[in-house]
Amino acid sequence: MEIKISAQINAPLENVWDYWTLGEHVTGWNFASDDWHCPDSKIDLRPGGEFHSTMAAKDGSFSFDFWGTYSEIIPQKEIRSTMGDGRKLDVFFESQAGGVLVTEIFEAEDQNPIELQRQGWQAILDNFKKYCEK
């Protein structure tokens, strides 16, 4: 099953793209709640390149590497990738009046309820929106 989330971001496309694709920016938004953070992110933005983001509880109780491999990049338009567990993840950037619509479509995993997955990923995308608009 696929899950689709989106956010309208009031920022120039060039900024939105850079904030999504440069590790030094990813660390500023890639977490779902204030008790988590992303202390490290490395991005090799090319087909066959990988992304790696450390997702960690701020209290040090848990962390994991969220990673995947890029399959297709159309600059400032779309990023297609496969996450480390084999699920597909596609991100689309659409210029609109006043900003950019960012849409993520990803294959659900089978360990957590669909709505919980949607809420967690949307929370991260909402953090991205805040980061872009500050």
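Residues numbered from 1 in each chain as written. Predicted model: local features only at pLDDT ≥ 70, side-chain atom pairs only at ≥ 80, totals over all residues. Heavy atoms only, no water.

## Observations regarding the packing of helix α1 (residues 13-21) against helix α3 (residues 114-133)
Consideration 1: As a packed pair, α1 and α3 sit with axes 10 Å apart at the nearest point and diverge in direction by 125 degrees. What the angle tells us is that α1 and α3 run oblique. Where α1 crosses over α3, the handedness of that crossing is right-handed. In this structure, α1 contributes Val16, Tyr19 and Trp20 to the contact, and α3 contributes Leu125, Phe128, Tyr131 and Cys132.
Consideration 2: Here the residues of the contact of α1 with α3 are counted per class, giving seven nonpolar, no polar and no charged. (Axes fitted to C-alpha atoms, helices over the stretch in contact; angles between N-to-C directions. Helix = DSSP H or I, 4+ residues; strand = E, 2+ residues; numbered from the N terminus. Parallel < 35°, antiparallel > 145°, perpendicular 65-115°, else oblique. Left-handed = near helix turned anticlockwise from the far one by under 90°. Contact = heavy atoms within 4.5 Å. Nonpolar A, V, L, I, M, F, W, Y, C, P; charged D, E, K, R; others polar.)

## Quick look at the pattern of salt bridges
One side chain can pair with another of opposite charge once the charged atoms of both are near each other.
Consideration 1: Scanning the entire structure with this criterion turns up eight salt bridges.
Consideration 2: Salt-bridge contacts for Arg80 lead to Glu72; the nearest nitrogen and oxygen are separated by 3.7 Å.
Consideration 3: For Arg80, a relative accessible area of 27% corresponds to the partly exposed category.
Consideration 4: Residues Arg118 and Glu115 are paired through a salt bridge, measuring 3.2 Å at the closest nitrogen-oxygen approach. With a gap of three residues between them, Arg118 and Glu115 both fall in helix α3, about one helical turn apart.
Consideration 5: Owing to a relative accessible area of 42%, Glu115 belongs among the partly exposed residues under this scheme.
Consideration 6: By sharing partners, the salt bridges in this structure join Glu72, Glu78, Arg80 and Asp90 into a single network. (Salt bridge = Lys/Arg side-chain N within 4 Å of Asp/Glu carboxyl O. Buried < 20%, exposed > 50% of the residue type's maximum accessible area, 1.4 Å probe, protein only.)

## Section: the nonpolar core
What tends to happen in soluble globular proteins is that the nonpolar side chains get buried as a cluster.
Consideration 1: Formed by 34 residues in total, the largest nonpolar core has its most connected members in Ile9, Val16, Trp20, Leu89, Phe93, Val102 and Phe128.
Consideration 2: Counting residues per element, the ones that place at least two in this core are β1 (2-9), α1, β3 (50-57), β4 (63-74), β5 (78-83), β6 (88-96), β7 (99-107) and α3.
Consideration 3: Each residue touching Leu89, except ones within four places of it in the same chain, is listed here: Phe51, Phe66, Ile79, Arg80, Ser81, Met83, Glu104, Ile105, Phe106 and Trp121. (Core = buried A, V, L, I, M, F, W, Y, C linked by side-chain atoms within 4.5 Å.)

## Here we look at the pairing of β4
Consideration 1: The sheet contact formed by β3 and β4 spans seven bridges and is antiparallel. Bridge assignment links Ala56 to a residue of β4, and that residue is Ser63.
Consideration 2: Sheet analysis places β4 next to β5, joined by six bridges and oriented antiparallel. The residue of β5 that forms the bridge with Glu72 is Arg80. (Pairing = 2+ DSSP bridges.)

## Details of the pairing of β7
Regular strands have side chains that alternate between both faces of the sheet.
Consideration 1: Bridging between β1 and β7 involves eight bridges; their strand directions are antiparallel. Looking at the pairing, Ala7 lines up with Val102 of β7.
Consideration 2: As paired strands, β6 and β7 are joined by eight bridges and run antiparallel to one another. The partner of Glu94 across the bridge, within β7, is Leu101.

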